[in-house]
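Residue strings, one per chain:
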Amino acid sequence: MKTKGIQNAINRLAGARRLGSASLLLQAEQEAEHILAKAREWLARSQVLPPDQPDERYTPVALAVEELEKALEAFRSE
C-alpha cells in the first residue's frame, strides 16, 4: 500500500471543509472512512520488519493512518 491515497483522503477532508458543501462533506468523510478501513486491513496483514532491516512501506503507511485518524477526528468535531 502507498501513502498517496491516504494523503488524498486527508486533502479531500480539508477541501470539503473549506467549500462547506454538505454533499462534499459527506462524500469526503465516507471516502476517508473507507480508505482508513482498507489501510488498517493492510497494516494488519503486513509484518513489522525487525529494526535491522529497512522499513520502506509499513512505517510510512502507519504514520499516514495516524494522520488520517486525526484528520477525521478533527473533521467530525467541527
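Structure: above.
The model shown is predicted, which means the values in this text are computed figures rather than measured ones.

A. Here's a closer look at the overall build of the chain. Looking only at helices and strands, the chain features three helices and zero strands. Of the regular secondary structure in the chain, the N- to C-terminal order runs α-α-α. Taken across its 78 residues, the chain has 28% of its residues classed as buried. In the chain, of all internal contacts separated by at least 6 residues, the share reaching a separation of at least 24 is 66%. With the model as given, the accessible surface of the chain reaches about 5400 Å², and the carbon-plus-sulfur share is 53%. Each charge class in the chain was averaged separately, 11 positive and 12 negative side chains, and the resulting centres sit 6 Å apart.

B. The packing of helix H1 (residues 4–19) against helix H2 (residues 22–45), seen in detail. Where H1 contacts H2, the axes come no closer than 9 Å and their chain directions differ by 160°. Looking at the two axes, H1 sits roughly antiparallel to H2. Crossing hand, H1 versus H2: left-handed. Contacts between H1 and H2 involve Gly5, Ile6, Ala9, Arg12, Leu13, Ala16, Arg17 and Leu19 from the former and Leu24, Leu25, Ala28, Glu29, Glu31, Ala32, Ile35 and Ala39 from the latter. For the contact of H1 with H2, the class distribution of residues is 11 nonpolar, one polar and four charged.

C. Summary view of H1. End to end, H1 covers 22 Å across 16 residues, agreeing with the expected 22 Å (1.5 Å per residue, within 8%). For H1, the complete set of buried residues consists of Ile6, Ala9, Ile10, Leu13, Gly15 and Ala16. Residues of H1 that are buried make contact with H2 and helix H3 (58–77). The positive-phi residue at the C-terminal boundary of H1 is Gly20, with phi of around 75°.

D. Representation of the pattern of salt bridges in the model. Enumeration according to the criterion identifies five salt bridges in this entry. The residue Arg12 makes a salt bridge to Glu31 at a minimum N-O spacing of 2.6 Å. Remark: Glu31 occurs in helix H2 and Arg12 occurs in helix H1; sequence separation between them is 19 residues. Of the residues examined, Arg12 reaches a relative accessible area of 34% and is grouped as partly exposed. With its nearest N and O atoms 2.3 Å apart, the salt bridge here joins Arg76 to Glu33. One end of the pair, Arg76, is in helix H3; the other, Glu33, is in helix H2, with 43 residues separating them in the sequence. By relative accessible area, Arg76 is classed as partly exposed at 46%. Via salt bridges that share partners, Glu29, Glu33 and Arg76 belong to a single interconnected network.

What counts, and where the lines are drawn
- What you see as residue numbers is a count from 1 along each chain, following the sequence as written.
- pLDDT decides what is reported in this predicted model: residues at 70 or higher carry local features, side-chain atom pairs at 80 or more are listed and counted, and totals for whole chains, interfaces and linings draw on all residues regardless.
- Side-chain metrics in this entry use all non-hydrogen atoms of the structure; hydrogen atoms and water are not considered.
- The numbering of helices and of strands both runs from the N terminus, where a helix is a DSSP run of H or I of at least 4 residues and a strand a run of E of at least 2.
- The cut-offs for exposure are 20% and 50% of the maximum accessible area for each residue type, with area from a 1.4 Å probe on protein chains only; residues under the lower value are buried, those over the upper are exposed, and the others partly exposed.
- Only heavy atoms enter the contact rule, under which two residues are in contact if any of them lie within 4.5 Å.
- Reported accessibility uses the Shrake-Rupley method at a 1.4 Å probe radius. Residues are deemed covered only where the shown protein chains occlude them.
- The positive count covers Lys and Arg only, the negative count covers Asp and Glu only, and His and the chain ends enter neither.
- Every charge is mapped to an atom, namely NZ of Lys, CZ of Arg, CG of Asp or CD of Glu.
- Throughout, an axis means a line fitted to C-alpha atoms (over the contacting stretch in the case of helices), and angles, computed between N-to-C directions, take values from 0 to 180 degrees.
- Note on terminology: angles under 35 degrees are roughly parallel, angles over 145 are roughly antiparallel, angles of 65 to 115 are roughly perpendicular, and the others are oblique.
- Here is the rule for handedness: rotate from the far helix to the near one, and if that takes an anticlockwise turn smaller than a right angle the crossing is left-handed, while a clockwise turn gives right-handed.
- The nonpolar class holds Ala, Val, Leu, Ile, Met, Phe, Trp, Tyr, Cys and Pro. Asp, Glu, Lys and Arg form the charged class, and all remaining residues, Gly among them, are polar.
- Expected helix span is given by 1.5 Å per residue-to-residue step, counting one fewer step than there are residues.
- For this document, the term salt bridge refers to a Lys or Arg side-chain nitrogen within 4 Å of an Asp or Glu carboxyl oxygen.

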